[in-house]
Amino acid sequence: MSKSDAFSLLIALLGYDKRIIFTEHIYQSSDPHIMLRHIFRIKISATLLHSTALRRTYHSEKGVFGYRPRPKRQFKVSEEVMQSRNAQSNVYRWVEAYRKHGHKFANVNPISIKGPQSPLDELNPAFYGLEAKENVKPQGLLNAPELETTTTTVDVLELLLKQIYCGNAVSAEFAYIENLEEREWLSKHFEQLKTQSVSNDARKQIAELLIKSQAWDNFMAIKFPTVKRYGGEGAETLLAFFWQLLRDSVQVDLSHIVVAMSHRGRTALQTIMLNMRPAKIFRKLKGESEFPKDCQAMSDVISHFHTSEDLEIDGKTIHFNMVRNPSHLESGNPVSMGKTRSKQQTLKDGAFNDDNLSMEFSSKVLNVILHGDAAFAGQGVNQECLNMAYVPHYDVGGSLHVLINNQVGFTTPGERGRSTDYASDLAKTIQAPVFHVNGDDPEMLIQVTKLAFDYQREFRKDVFIDLNCFRRWGHNELDDPTFTNPLVYKIIHTRKSIPDLYTEKLANESILTTDEALKIRTDYLEYLNAELIAASEYDPEASYFQKQWQHITTASSDYVTYWDTGLDYALLNYIGQQSVSYPDNFKIHPHLRKIHVEARRNKLNAGEKIDWSTAEALAIGSLMYQGNNVRLSGEDVGRGTFSHRHAMLIDQDDNEMYIPLNDLKGGLGGKLEIANSILSEEAVLGFEYGMAIDNPDNLIIWEAQFGDFANGAQIIIDNFIISGETKWMDSNALVMLLPHGYDGAASEHSSCRIERFLQLCDSKETDSDGDHVNINIVNPTTPAQYYHVLRRQVLRNFRKPLIVVAPKILLRLPAATSTHVDFQPGTKFQNILPDVTVQPNDVQRVILCSGKHYYALADERKAQQINNSAIIRLESLCPFPLLELQEQLATYRNAKTFVWSQEEQRNMGAWNFVKPRFENLIGKPLLYCGRVEAPTSATGVGKIHKQEAEEVVRRPFQL
């Protein structure tokens, strides 16, 4: 048997499957029987892969709130096509090689300094035993309309393959996608791409956008020559992408587009296409705020401005929302994804729609993310976001991505900023197709945009456009890029701009005359000059507390308010009982039935010993009963890191998930979404922040597995959560639960780094705080306190992020429980908890503390039978509870000694926060008692931990 006979027999027996990868060493094996054994083994492995890898499972095949299994798609290559491929198997292998490797020879780089690519054997027809004049029938092999009914020769087919896959305008990568239907769809539509055309009217509109973009950057360079404006010069074609995107979006009745975009070309897009008045930017550049005069925001730079605008496109309205972006590149991406999902929930998109069970996500709201080339390859948040793309409860129905590929990161050439061939290669981790487009060809970008959009609509999956362009100036306009990249910039500085090239092309084709192009530029410059004059009189409009936020206001800066968050216990008992209910045919874990279900029911019925997880269920369930949706996100949150929550139950027979609180009856219909996240902090927390800034009536909770794991999300904490309202007037009520406590678990499971959050707050050292502080930081010591602070997040008329120093041992500590009285109407979160066990006149020593450390101090006091020491718990750290503290201390007239006691190291915890406020505002010296200074938060030596734990509870009573 010859090699060709063996191959033909294989194809005839098995049918062609792309997962058979015919490597050179297999095909060129001297023994055809060895070749067959290799291929059969690969075929069997590929079949297994096809049957397992593409079938993703989850804890619910029936669906739960926020998740519904994607419908199974049926697809089969037609018999006619299969016959053609089997009959011409070598030709088909050659065509497939172009689909896999053709992009390597495409000339899509407008400023390339590299030489030609070395020839590749796989693209040589002779590699497959084909001769140049050999006749072939392309039907079923290649989607070329001009060859559908004809017979051609190998050399003609080779020319066509090169035109499609190795051209000067576009190339594609999708051969790595496992799903056969997607590969067939992509090959069909990409191979027909160049048969499409752009109308002359569309070409004129695109030319106008490019001309205005260039005029904008020129105007800014002349009028504000010392400003870092991060213009779009070299990437003006990007406006053609948005032009096509908006038109495609309204055609399928999308109502919202949510966009993440970094600084490059941002202001040009906003002023030219998104209705932002240039006067707003000019006013800012003259040193004024972008907010109204009565707004206290610290503001931000022009390249971080956001857009929330209704656009009229082809007679239809679509809302365009561009999220804020800090200069920490790519960190706005998960924010845009979260905001997208929040809007999908509000608009009942995808799995949030119970009336249309076939509706998929992004039917109403589309997420679009623009990346920088170096940042996309370099920033780990991108890997996290892509890994999150199809995870239940984080799925937004596929995002449309564009890489603005400047081919340089600050001064670093692209090939030195990554280990992969393309800046876009990270997309392959989720098998997303990539289209590489030459930025000099705006018409091809229009066509590719439509292709990418159509793919996203068809499969609701991520897709990438790699826009190969350049940066005419340095990282900013004041930088000289020739210091480090002289050869590239020799090309850039001697070539014409993209708008000039395109207008010349249209002029040569008599579509847009030179005079018409000049008039567009002249008219636009006149408009910009008028806006520059108007900037001094321009009064910025308020862009906050509108639409769904109109019932929310700015918090008071003068005082701290109290909110009645108690409820009738009969209602709470019903909610609590429902939180551990399940259907009769549900097989619950026997251990959970005893220690969780039955135990909770008994505690609720008695109205005593209500523990932490029960109080949380009461808070969440009561908010749901009042019509608020709640989302609990993080690693293992459904069960809880410490196996305490069990907000979701898993049937022990069929693995189905059940969320008891979602079957509450009689309320206003709020729902609970349990979002067990990927093992990530930055992207997940950014996602939750995006949800929190979109809808003030939903309670969004993110729980760290351990408190100090939040340091993996420090970029989101610093640049969004902590400062978002101060910079951008973006309020949010995001809750961060950070488990904390020195329990002998060593350095990485003990501290949530309270000191870092206290350093980030704007609490005053020399004056009283009001509600206006940027964040609330609490360290509650009872379940009822936790219940009240959660409910308060939604019931207040303003929104603030809440940092909860969450417990570990208190989850099951018998002393740390509450009774039904603590939840009744009229009760509220108390900023301090006074000591009710001592006689005020007997108190000579006052010990202040926060969190679970209180219980160790109380036990020590009881063991030593000490009667002259009061222990006050600071439940709220920010805002600092000055008024309550003053009132409580006034009852201890004989107190001479005041001590701050903590279990943390002296350079950690709340000591350095409490001391100046206590001494400045209370007017008394405060002594320290706790662990000594250390570079790590806790010891890993058990004996030392025990000694320290004994010392920090003994010494406060000795001072």
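Residues numbered from 1 in each chain as written. Predicted model: local features only at pLDDT ≥ 70, side-chain atom pairs only at ≥ 80, totals over all residues. Heavy atoms only, no water.

A few words now on the overall build of the chain. Along the chain, the regular secondary structure elements total 30 helices and 26 strands. For 959 residues, the compact-globule estimate of 2.2 N^0.38 gives 30 Å, and the C-alpha radius of gyration of the chain, at 32 Å, lies within 12% of that figure. The buried share of the chain, taken over its 959 residues, is 60%. Partitioning the intrachain contacts of the chain with sequence separation of at least 6 by distance along the chain shows that 80% fall at a separation of at least 24. Looking at the chain as shown, the accessible area adds up to about 38,800 Å², and 50% of this sits on carbon and sulfur atoms. Where the 104 positive side-chain charges of the chain centre and where its 118 negative ones centre are 3 Å apart. (Helix = DSSP H or I, 4+ residues; strand = E, 2+ residues; numbered from the N terminus. Rg over C-alpha atoms; globule rule 2.2 N^0.38 Å. Buried < 20%, exposed > 50% of the residue type's maximum accessible area, 1.4 Å probe, protein only. Contact = heavy atoms within 4.5 Å. Areas by Shrake-Rupley, 256 points an atom, 1.4 Å probe, with all protein chains shown as cover. Lys, Arg positive; Asp, Glu negative; His and termini not counted. Charge placed at Lys NZ, Arg CZ, Asp CG, Glu CD.)

Moving on to the nonpolar core. Counting 111 residues, the largest nonpolar core has Phe241 and Met273 as its most contacted members. At ten residues, the largest contribution of residues to this core is made by helix α8 (residues 200–223). When residues of this core are sorted by domain, at least three fall in each of domain 1 (79–168) and domain 2 (200–540). If you look at the next biggest cluster of nonpolar residues, it comprises 74 residues, including Ala692, Leu734, Ile777 and Ala895. (Core = buried A, V, L, I, M, F, W, Y, C linked by side-chain atoms within 4.5 Å. Domains from an automatic or database assignment.)

The subject of this paragraph is the sheet that holds strand β25 (residues 897–905). Strand order in this open sheet of five strands is β21-β23-β22-β25-β26, and the pairing throughout is mixed. Strands with a single pairing partner mark the edges of an open sheet, and in this sheet they are β21 (832–833) and β26 (927–931). As defined by bridge partners, strand β22 (residues 845–849) adjoins strand β23 (residues 869–874) across five bridges and the pair is classed as parallel. Residue pairing in the sheet places Ile847 in a bridge with Ile871 of β23. Most of the contacts of helix α29 (residues 911–922) go to β25, to which it runs at about 165°, and overall it touches β22, β23, β25 and β26. Sitting on the sheet, helix α30 (residues 942–954) touches β25 and β26, and the angle it makes with β26 is about 160°. (Pairing = 2+ DSSP bridges. Axes fitted to C-alpha atoms, helices over the stretch in contact; angles between N-to-C directions.)

Here the focus is unusual backbone geometry. Cis geometry marks the peptide bond from Cys878 to Pro879; its omega dihedral reads 5°. Relative to the elements of secondary structure, Pro879 occurs in the loop between β24 (876–878) and α28 (882–889). For Lys348, which is not glycine, the phi torsion reads 55° and is therefore positive. Take Lys348: it is sitting in the loop between α12 (332–346) and β7 (365–372). Classification of Lys348 as partly exposed rests on a relative accessible area of 47%. With a phi close to 80°, His393 is a non-glycine residue in the positive phi region. Within the secondary structure, His393 sits in the loop between α14 (380–388) and β8 (399–405).

Residue alternation in strand β3 (residues 170–173) divides its side chains into two sets, Val170 and Ala172 and Ser171 and Glu173, and both sets are buried. Taken together, the four bridges between β3 and strand β11 (residues 434–438) define a ladder with antiparallel strand orientation. Bridge pairing links Ser171 to His436 in β11.

Considered domain by domain, the chain is made up of domain 1 (79–168), domain 2 (200–540), domain 3 (569–823) and domain 4 (832–957). Computed over C-alpha atoms only, the centres of domain 2 and domain 3 are separated by 37 Å. Counting from both sides, the interface comprises 33 residues of domain 2 and, opposite them, 34 residues of domain 3. Taken together, the two surfaces of domain 2 and domain 3 that pack against each other cover about 2,800 Å², and 62% of this comes from carbon and sulfur. Counting across the interface, domain 2 meets domain 3 through three salt bridges. (Buried area = accessible area lost by both parts, 1.4 Å probe. Salt bridge = Lys/Arg side-chain N within 4 Å of Asp/Glu carboxyl O.)

On average, the chain scores 92 in pLDDT, and the residues at 70 or more come to 94%. Low pLDDT, under 50, characterises residues 6–30; the stretch is placed with 65 contacts to residues that sit more than four places away or in other chains. Overall, residues 32–55 carries pLDDT values under 50, and its contacts beyond four positions in sequence, including any with other chains, amount to 41 contacts. (pLDDT = per-residue confidence, 0-100.)

Bringing the sheet that holds strand β20 (residues 802–806) into the picture now. Here we have seven strands laid out as an open sheet, ordered β16-β13-β17-β18-β20-β19-β24, and mixed in their pairing. Both outer strands of the open sheet, β16 (672–676) and β24, are each paired with one neighbouring strand and no more. Strand-to-strand, the axes of this sheet are offset by a mean angle of 20°, without reference to chain direction. Inspection of the sheet shows strand β18 (residues 735–739) paired to β20 by five bridges, in the parallel sense. Bridge pairing in β20 places Val735 opposite Leu802. Helix α21 (residues 612–625) contacts β13 (630–634), β16, β17 (699–703) and β18 of the sheet and is inclined by roughly 135° relative to β13. Taken strand by strand, helix α26 (residues 783–795) contacts β17, β18, β19 (776–778) and β20, and its axis lies near 130° from that of β17.

This part takes up the packing of helix α27 (residues 853–864) against α30. How two helices pack is summed up by the angle between their axes together with the distance between the axes. The contact between α27 and α30 brings their axes to 9 Å, and the two run at 70°. Here α30 runs roughly perpendicular to α27, going by the angle between their axes. Contacts between α27 and α30 involve His853, Ala856, Leu857 and Glu860 on the former and, on the latter, Val952, Val953 and Arg954. Within the contact of α27 with α30, the residues separate by chemical class into four nonpolar, one polar and two charged. (Parallel < 35°, antiparallel > 145°, perpendicular 65-115°, else oblique. Nonpolar A, V, L, I, M, F, W, Y, C, P; charged D, E, K, R; others polar.)

Under the counting rule described, the total for this entry stands at 14 cavities of 30 Å³ or more. Taken as a whole, the largest cavity encloses approximately 100 Å³ of empty space. For the largest cavity, the full set of lining residues is Ser579, Arg600, Ser613, Glu616, Ala617, Ile620, Arg645, His646, Ala647, Leu661 and Leu672. Top element by residues in the lining of the largest cavity is α21. It accounts for four residues. Within the lining of the largest cavity, the residues separate by chemical class into five nonpolar, three polar and three charged. (1 Å grid on protein atoms, 1.4 Å probe; cavity = no way out; pocket = protein on both sides within 12 Å on 5 of 7 lines; lining within 4 Å. Points joined across faces, edges and corners; volume = space filled by probe spheres on them.)

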